[in-house]
Amino acid sequence: MSAKMTAERLSPGTRRGAEIVARMRMLLEEKRQALLLLSAFLCALSLSAQDFLRLSGTVTDANGEGIPYATVSVHRENKGTHTDSEGHYTLRLPAGEYAIVVSAVGYERASKTAGGKGEKALDFVLRQTTYSLHEVEVVGRNEARKKRAEGYTVSSLDVRSLAPSVQNLTGVMSRVSGVRVREEGGVGSDYNLVLNGLSGNAIRYYVDGVPMEALGKGFSLSNLPVNLLERIDIYKGVVPAELGDDALGGAVNVITKRGGHNYFDASLSYGSFRTFRAEVSGQLVSHRLGFFLRPTISFTSSKNNYLMKGVELWDPEAYAYVPRDVPRFHDGYRSLLGQVEAGFRDRPWADDLSVTISGVTSYKEIQTGEKQTIVIGEGTKGVTSLGASLRYVKSNLFTPGLVARLLASYTSGRTLVTDTAYRAYNWDGTWSKSGFTEVTRREKSIRHYDRPQVTLRANFSYDLEYAGRIDFNYLMSVIRNNRYDDLDRQFVPTSDRMDKHTFSLSYAQSFLDDRLSGSVFVKDYLFGANLEQKEFYWKTGYTEEGAAPSQNNLGGGVSMRYTFSPLASLKVSYERGVRLPVSYEFLGNGLTVLPNFKLRPEQSHNLNLGLYGSALFGDRNHRFSYDVNAFGRMVSDYIIREPAGDSESRYTNLFATNVFGLEAEADYAYRDEWHATVNATYLDERNNTKINRDGRPELTYLNRLPNRPYLYANFLLGWHKRDPLGLKGHRLSLSYTSSFVLWYYLSWAAYGSKESKQVIPTQFPQNVSATWYAPGDRFSLSLECTNLLDQTIYDNYLLQKPGRAFSAKVRIFLH
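Residues numbered from 1 in each chain as written. Predicted model: local features only at pLDDT ≥ 70, side-chain atom pairs only at ≥ 80, totals over all residues. Heavy atoms only, no water.

Q: Break down the overall build of the protein for me, with residues and values.
A: In terms of regular secondary structure, the protein is built from 6 helices and 47 strands. Taking all 815 residues of the protein together, 54% fall into the buried category. For the protein, contacts bridging at least 24 residues in sequence account for 66% of all contacts bridging at least 6. Carbon and sulfur atoms make up 59% of the accessible area of the protein, which amounts to about 35,900 Å² in all. (Helix = DSSP H or I, 4+ residues; strand = E, 2+ residues; numbered from the N terminus. Buried < 20%, exposed > 50% of the residue type's maximum accessible area, 1.4 Å probe, protein only. Contact = heavy atoms within 4.5 Å. Areas by Shrake-Rupley, 256 points an atom, 1.4 Å probe, with all protein chains shown as cover.)

Q: Report on the sheet that holds strand S6 (residues 110-116), specifying residues and quantitative values.
A: Sheets are built from strands that pair by backbone hydrogen bonding, the pairs being arranged parallel or antiparallel. Spatially, the 4 strands line up as an open sheet ordered S3-S2-S5-S6, and their pairing is antiparallel. Both outer strands of the open sheet, strand S3 (80-82) and S6, are each paired with one neighbouring strand and no more. Adjacent strand axes in the sheet meet at a mean angle of 20 degrees, parallel and antiparallel pairs treated alike. Alignment of strand S2 (residues 71-74) against S3, held across 3 bridges, turns out to be antiparallel. Residue Val-72 lies in a different strand from S3, and its bridge partner there is Thr-81. (Pairing = 2+ DSSP bridges. Axes fitted to C-alpha atoms, helices over the stretch in contact; angles between N-to-C directions.)

Q: Describe the sheet that holds strand S11 (residues 154-158), listing the residues and the values that go with them.
A: Read from one edge to the other, the open sheet built from 5 strands follows the order S11-S17-S18-S15-S16, with strand pairing classed as mixed. Looking at strand neighbours, the two that pair on one side only are S11 and strand S16 (210-211), the edges of this open sheet. The pairing of strand S17 (residues 229-236) with strand S18 (residues 250-256) spans 7 bridges and is antiparallel. The partner of Leu-229 across the bridge, within S18, is Thr-256.

Q: Please give an account of the packing of aromatic side chains that cites residues and values.
A: The full count for this structure, using the stated rule, is 15 aromatic pairs. Every member of this aromatic cluster is reached through a ring pair, and the members are Phe-291, Phe-344 and Trp-349. A cation sits over an aromatic face here: Lys-112 above Phe-124, 5.2 Å from the ring centre. We note Arg-811 situated over the ring of Phe-813; from NZ or CZ to the ring centre the distance is 4.7 Å. (Phe/Tyr/Trp six-rings, centres within 6.5 Å; stacked < 30°, edge-to-face > 60°. Lys NZ or Arg CZ within 6 Å of the ring centre and 35° of its normal.)

Q: Provide a residue-level description of a nonpolar patch on the surface, including the pertinent values.
A: Taken together, the side chains of Phe-264, Leu-268, Val-280, Ile-297, Phe-299, Leu-336, Phe-779, Leu-781, Leu-783, Val-810, Ile-812 and Leu-814 define a hydrophobic patch exposed on the protein surface, amounting to about 950 Å² of accessible area. At the level of secondary structure, the elements contributing two or more residues to the nonpolar patch comprise strand S19 (263-271), strand S21 (291-302), strand S46 (779-786) and strand S47 (805-814). In this structure, Val-280 sits in strand S20 (residues 275-286). (Patch = residues over 30% accessible without salt bridge, like charges linked within 9 Å, V, L, I, M, F, W, Y side chains within 5 Å. Salt bridge = Lys/Arg side-chain N within 4 Å of Asp/Glu carboxyl O.)

Q: With reference to specific residues and values, describe the nonpolar core.
A: Met-173, Ile-234 and Val-252 are the most contacted members of the largest nonpolar core, which totals 29 residues. Secondary structure elements with two or more residues in this core: helix H4 (169-173), strand S12 (179-183), strand S13 (191-195), strand S15 (203-207), S17 and S18. Here Val-252 is in contact with Met-173, Leu-193, Ile-203, Arg-204, Tyr-205, Tyr-206, Leu-221, Ile-232, Asp-233 and Ile-234, once residues within four sequence places are set aside. In this structure, Leu-53, Val-59, Ile-100 and Ala-114 belong to the second largest nonpolar core, which totals 20 residues. (Core = buried A, V, L, I, M, F, W, Y, C linked by side-chain atoms within 4.5 Å.)

Q: Could you give me a rundown of the confidence of the model for the protein, with the residues and numbers involved?
A: Residue-level pLDDT values for the protein average 81, and 84% of them are 70 or greater. Low pLDDT, under 50, characterises residues 1-14; the predicted model gives this stretch 11 contacts beyond four residues in sequence or across chains. In this model, residues 130-144 is a region of pLDDT below 50 whose contacts with residues beyond four sequence positions or in other chains number 42 contacts. (pLDDT = per-residue confidence, 0-100.)

Q: Which residues make up empty space enclosed by the protein, and what values do they have?
A: Summed over the entire model, instances satisfying the criterion amount to 5 cavities of 30 Å³ or more. The calculated volume of the second largest cavity comes to roughly 360 Å³. Surrounding the second largest cavity, 26 residues form its lining, Val-207, Leu-215, Gln-339, Glu-341 and Thr-356 being those nearest its centre. Sorting the residues of the lining of the second largest cavity by element identifies S16, S18, S21, strand S24 (333-347), strand S25 (350-365) and strand S26 (380-394) as the ones contributing at least two each. The element best represented in the lining of the second largest cavity is S24, accounting for 3 residues. (1 Å grid on protein atoms, 1.4 Å probe; cavity = no way out; pocket = protein on both sides within 12 Å on 5 of 7 lines; lining within 4 Å. Points joined across faces, edges and corners; volume = space filled by probe spheres on them.)

Q: Explain unusual backbone geometry to me, and be specific about the residues and the numbers.
A: Unusually for a residue other than glycine, Phe-273 sits at a positive phi of about 60 degrees. Among the structural elements, Phe-273 can be located in the loop between S19 and S20. Within the chain, Tyr-319 stands out as a residue other than glycine whose phi angle is a positive 50 degrees. Mapped onto the secondary structure, Tyr-319 falls in the loop between strand S22 (307-315) and strand S23 (320-327). The exposure class of Tyr-319 is exposed, given its relative accessible area of 65%.

Q: I'd like a rundown of the pairing of S20, residues and numbers included.
A: Strand direction decides the pairing type here: S19 and S20, joined by 9 bridges, are antiparallel. Considered in S20, the bridge of Leu-268 is made with Ala-278. Here S20 hands over to S21 after 4 residues, with Gly-290 in that stretch at a positive phi of 75 degrees.

Q: Can you explain the environment of Ile-357? Please cite residues and give values.
A: The topology assignment puts Ile-357 in strand S25. A sequence separation of 62 residues divides Ile-357 from Pro-295, and the C-alpha atoms of the two residues are 9.6 Å apart. Setting aside residues no more than four positions away along its own chain, Ile-357 makes contact with Gly-338, Gln-339, Val-340, Gly-387 and Ala-388.

Q: Help me get a handle on the environment of Asp-514, residues and values and all.
A: Mapped onto the secondary structure, Asp-514 falls in the loop between strand S32 (494-511) and strand S33 (516-530). Look at Asp-514 and you get buried, because its relative accessible area is 1%. Along the chain, Asp-514 and Ala-104 lie 410 residues apart, while their C-alpha atoms are 6.2 Å from each other.

Q: Which residues make up the environment of Val-558, and what values do they have?
A: Tracing the backbone shows Val-558 in strand S34 (residues 547-565). Residue class for Val-558 comes out partly exposed when judged on its relative accessible area of 34%. Spatially, the C-alpha atoms of Val-558 and Val-238 are 8.8 Å apart, while their sequence positions differ by 320 residues. Dropping the residues within four chain positions of it, Val-558 is found in contact with Ser-519, Val-520, Phe-521, Val-572, Ser-573 and Tyr-574.

Q: An account of the pairing of S47 is requested, with residue identities and associated values reported.
A: Of the two faces of S47, the one lined by Ala-805, Ser-807, Lys-809, Arg-811 and Phe-813 is fully buried and the one lined by Phe-806, Ala-808, Val-810, Ile-812 and Leu-814 carries no buried residue. Of the strand pairs in this sheet, S19 and S47 are connected by 8 bridges, and their pairing is antiparallel. Residue Ser-267 lies in a different strand from S47, and its bridge partner there is Arg-811. One ladder, built from 8 bridges, connects S46 with S47; its direction is antiparallel. Opposite Leu-781, over in S47, you have Val-810 as the bridge partner.

Q: Describe the pattern of salt bridges, and please don't skip the residues or the numbers.
A: Once their charged atoms are close, side chains differing in charge can pair, the charge on each being opposite to the other. Evaluation of the coordinates by the stated rule reveals 21 salt bridges. In this structure, Asp-233 engages Arg-231 in a salt bridge whose closest nitrogen and oxygen atoms are separated by 3.1 Å. A single burial state applies to Asp-233 and to Arg-231, both of which are buried. Salt-bridge contacts for Glu-341 lead to Arg-294; the nearest nitrogen and oxygen are separated by 2.7 Å. Here Glu-341, found in strand S24, pairs with Arg-294, found in strand S21; they are 47 residues apart in sequence, far enough to count as distant. Comparing Glu-341 with Arg-294 shows no difference in burial state: the two are buried. By sharing partners, the salt bridges in this structure join Arg-328, Asp-331 and Lys-364 into a single network.

Here it is as structure tokens:
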């Protein structure tokens, strides 16, 4: 049979899918040729090396922490390099004798001599520099301050001290300037992270630089065990190219503990609304073999039966709807997370070779639709995910200065939505018969959504010594969406596919003894999909071609930082960013979010300008630091979520949106006893579309985006006491936190009169906590009260959040 006849027999969707695949292959072939050229260049560099002296080592401070981006140079010669983010460096020189000088902002210079040829180890320990400026002393940076020196707008949270506390990661991150975590309810509810105005899927999540989705569906900030973590880096706006993904609004990179010691960590907590959490983790290390084993298991459950205040219920005696306070009755949640990581570290053939096996299973009762006026009493959602990944890291691969970081992962995620009740529930648990189901408001169904995903990541970093550093990153994600139903015989099973490829290349350099540093990067984004979902085509945008046109988008940016003195550093960054739709937006969530196959990538011009510094004064008993950032986002095809009925929604594009804002944070500490932090964020997010798609004037032109807080602030006050009540070796910590959110409209300001608009009111929740530590931190007890004054708190679409809640946590840590 001829190829022409075969092609004629193919369906339009299949032909279109073949065209998409062929086009993507052509684009990938172009990228492959570029990679071959890069490989040839690196091999040429390796072959050109003759007799040389190769120095390698680590630059640390007095506490043993690596100093990132320190300058390592040859005295009186124009040769040198810089340390990486962990303080490691390599320096290749012609064979001979040299004086090596190391310098970094906030530290005294250090020098050593080295000579000969071949491989030599040379480590440096720098002392903090102290300047006297009108009785104000300025010192070197801690880990959080080091991250700012990269030129990006970034906050770094040290979460090691949070392991004994009851707080989870989302609650902690809400207290960072420019950050707002918006939750739709209690434990296990969906959440949305806002970073300087951009939110949702414009934010990307990583674990040790690897996309969190590579761990499998079900892993999120809300269920990651705090005991495993060291710090969280929050990039706002412009994101480093080495992270490799299509993050447009920012990124959250969770850094796990990588210590080389054995330990056992277990904790148990119980709180209001029958909330229970248990976490057990540990690590077993063989230094002789370089082998490590790190298992983790975590269980969470909650009834979430907190009080719903002022909901309307029918009163037969009054023959009218009256407001009443009733508990939630169908909002239970439970999840089980397990993970085992094993491998080898610091071997001649690998810095890190490890395998990770992970799994998550969760069960959620569905209480409401998109709005709390839709009450659900029987619908449920279950998620099961299994994943495996292989990670390989090797420095000085093939040639000195070349570092390779490789990752391959496969995850299978399954979502099961049970929607079989023809009932309409009220908030008191009573119900009446209905002509459609509760969740989807259609026919009875037990719907399965299987989404296997393959992720590949390759990162190569080449240290050009004194000439800077080059980074290349490639990230591939292939997701399938297989759907079928156990009850609805009219439902046609489908299998959709979505492919994403991201390429990035960056160059970084510093000058003037690290007072000036900067980087420039370019990114290429490739997106394509093959689709089979036909139902509700008038809402989802399905066409008989069966495929979304492949798209190739280019982006890039630059970041710079200049240090005037340790009291003041200026940083600026710009990016033309592209954010591809994620599976949740493009394919729907299998529950209340419909697909939108006409969804286009977001594109944005992001600009950040910041000033930061820190100081010690008063005999070094007082410490003060500040961070001020202004930012602008000019976004086209902004992806937002909008209602598509009483119980459904979908993601769609706005033509143009402008976001401008200012954030500021001040931090003060007295000795090791008192600590206070205050921050505030102001956003001005406007619809900048004058003419809509129908060619008519846009009524919401220059309106604030609805359902988005635009002015919020946080305050924290902590007190820490050593040897309380004369108990030697014990510690006591007390803290008070509060947040403020100004009122905002739920819908567009242009629609309806002021009196008819729904408003999310001003909120001022407050929390208190206390933690007791036994000697050596082997045992701790933490007590916490959230929403101390029992205020009515709302979030997305005027959904009520829990009232006053109490919780307690005990932890045992052996090492």
